[in-house]
Amino acid sequence: MSIIAPGTKVPDFVLKREDGGDFTQDDLLGATTVLVFYPNAFSPVCTDQLQVYEEALDDLRAQGATMYAVSTDHSSSQAAFRDKLGISIPQLSDFEPKGETARRLGAYFEPAGFTNRALVIVGPDGVVTWSHLADSPGDLPGVNLIFDGLAASGAAG
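Scope of this entry: the structure provided in the associated data block. As the structure is a computational prediction, the values presented were derived from the model and not from experiment.

Quick notes on the rules
Residues numbered from 1 in each chain as written. Predicted model: local features only at pLDDT ≥ 70, side-chain atom pairs only at ≥ 80, totals over all residues. Heavy atoms only, no water. Helix = DSSP H or I, 4+ residues; strand = E, 2+ residues; numbered from the N terminus. Expected span 1.5 Å × (residues − 1). Buried < 20%, exposed > 50% of the residue type's maximum accessible area, 1.4 Å probe, protein only. Arc of directions from axis to C-beta. Pairing = 2+ DSSP bridges. Core = buried A, V, L, I, M, F, W, Y, C linked by side-chain atoms within 4.5 Å. Contact = heavy atoms within 4.5 Å. 1 Å grid on protein atoms, 1.4 Å probe; cavity = no way out; pocket = protein on both sides within 12 Å on 5 of 7 lines; lining within 4 Å. Points joined across faces, edges and corners; volume = space filled by probe spheres on them. Nonpolar A, V, L, I, M, F, W, Y, C, P; charged D, E, K, R; others polar.

### Re helix α1 (residues 44-55)
Compared with the 16 Å implied by 1.5 Å per residue over twelve residues, the 17 Å span of α1 between its first and last C-alpha is a close match. The complete set of buried residues in α1 reads C46, T47, Q49, L50 and Y53. Buried positions in α1, seen along its axis, are confined to an arc of 165 degrees and lie on one side of it. Projecting away from the buried face of α1 at angles above 90 degrees are the exposed residues P44 and E55.

Spelled out as structure tokens, the structure:
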């Protein structure tokens, strides 16, 4: 399966917020959203990725974008990970059924049973404007890719 293509309406999905509440495709409406799929909380590359993205949050917000991080970790693990890193990026869990949303968006890495490293930008209308799937879960997509994606999708500035 390949990553969801630009121009595609985001399919129905349910992820869990840290507080246990649901986050669905309807929560994407009205804003430009960057969904960051990462494999595992507390892994070295994921740690680096979220710390780098945290440093860019003000610039992303200045361009009208909101960021969420998504993994197949349980919400409690994600909250501990976020707290340990001292980051503010909201975490969304694709824990149960494991990877269902990642599969629907083409961001699941079946051989290992977790999300691949992927970026999906969704416009205020719920339609994907840009997407990127890393060649492997070990490849860290630089933050500049997100800004390139926002510019390519017309969401910048």
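### Remarks on the pairing of strand β9 (residues 128-133)
In the sheet, strand β8 (residues 118-122) pairs with β9 via five bridges, with the strands oriented antiparallel. Counterpart to A118 in the pairing with β9 is L133. Hairpin connection of β8 to β9: five residues between the antiparallel strands, including G126 at a positive phi of 85 degrees.

### Quick notes on the nonpolar core
Inside soluble globular proteins, nonpolar side chains tend to come together where they are buried. Core analysis: the largest hydrophobic core is formed by 24 residues, its most contacted members being L50, Y53, L60, M67, I89 and I146. Mapped onto this core, the elements with two or more residues apiece are β3 (32-37), α1, α2 (57-62), β4 (65-71), α3 (75-85), β8 and α5 (143-152). With four residues, α5 is the largest single contributor of residues to this core. Setting aside residues no more than four positions away along its own chain, L50 makes contact with V36, Y38, A69, F81, L85, I87, I89 and Q91. The next biggest cluster of nonpolar side chains, apart from the first, holds 20 residues, and it includes V10, F23, F37 and A118.

### Observations regarding empty space enclosed by the protein
For the structure shown, the criterion picks out one cavity of 30 Å³ or more. The computed volume of the largest cavity comes to approximately 40 Å³. K9, V10, Q25, D26, L28, L29 and G126 together form the lining of the largest cavity. Here the lining of the largest cavity is built from residues that sort into three nonpolar, two polar and two charged.

### Quick look at the environment of H74
Relative to the elements of secondary structure, H74 occurs in the loop between β4 and α3. H74 sits in the partly exposed class, given a relative accessible area of 40%. Linking H74 and A41, residues 33 residues apart in sequence, is a C-alpha distance of 9.4 Å. Apart from residues no more than four positions distant in its own chain, H74 is found in contact with S93 and F95.

It is worth stressing that arrangement in space is one thing and function is another; only the former is reported here.
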